[in-house]
Amino acid sequence: MTNEQLETLLAAFLERSPHLADLLFTDQGGRLMGLDGRISEFVHRHFCELAVPVLSVHDSYLIDYTRVRELKRVMAVASERVCGVALPTSNQFYGLDEADPEYVQDYIAFRQAARSEGYLRRKAQHEQRTGRPVEAFV
């Protein structure tokens, strides 16, 4: 794009969002990414101490479906410590620890599948390497 086109685009943006004018080009993105990183560090440290795998993808997390409630609690604590307020969370799916207890056993039975030879081999290697059964990490 040319500078003229960019100027036109910026003017149109500011016309629709005048409340952002003083925030543009002030490195707010970098500041917010820093806060997000500190929140993620807190979340990862918490679950590492418990030997529970958790992956972050931008401002989201992937975790075992039995630990979603705990993840939300830890995210609230982390955001309160970093930002001064517990930030709201949203998700499309609920964890097993958030499900109606009446349906938990049905859900568990539905999710059970025969384990492949490869899975069983990797599980045995993991248990031999760590000296702990996989269930001890859950």
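Bear in mind the structure is a predicted one, so any value in this text is a computation, not a measurement.

Procedures and definitions
Residues numbered from 1 in each chain as written. Predicted model: local features only at pLDDT ≥ 70, side-chain atom pairs only at ≥ 80, totals over all residues. Heavy atoms only, no water. Core = buried A, V, L, I, M, F, W, Y, C linked by side-chain atoms within 4.5 Å. Buried < 20%, exposed > 50% of the residue type's maximum accessible area, 1.4 Å probe, protein only. Helix = DSSP H or I, 4+ residues; strand = E, 2+ residues; numbered from the N terminus. Contact = heavy atoms within 4.5 Å. Phe/Tyr/Trp six-rings, centres within 6.5 Å; stacked < 30°, edge-to-face > 60°. Lys NZ or Arg CZ within 6 Å of the ring centre and 35° of its normal.

Of all hydrophobic cores here, the largest spans 14 residues; its most connected members are Val-43, Phe-47, Tyr-61, Ile-63 and Leu-71. Contributions of two or more residues to this core are made by helix H2 (28-49), strand E2 (60-63) and helix H3 (68-83). Ranked by residues supplied to this core, first place goes to H3 with six residues. If sequence neighbours within four positions are ignored, Ile-63 has contacts with Phe-47, Val-52, Pro-53, Val-54, Val-68 and Leu-71.

Let's shift gears to the packing of aromatic side chains. Per the counting criterion, the structure on display carries zero aromatic pairs. In this arrangement the basic side chain of Arg-115 is found over the ring face of Tyr-119, its NZ or CZ atom lying 5.1 Å from the centre.

We note that Asp-27 has phi near 65°; this positive angle belongs to a residue other than glycine. Among the secondary structure elements, Asp-27 is positioned in the loop between helix H1 (3-16) and H2.

Another aspect to go through is the side chain of Ser-40. Its place among the elements puts Ser-40 in helix H2. Using a relative accessible area of 9% as the deciding quantity, one classes Ser-40 as buried. With residues up to four places along the chain from it excluded, the contact list for Ser-40 reads Ser-56, His-58 and Tyr-61.

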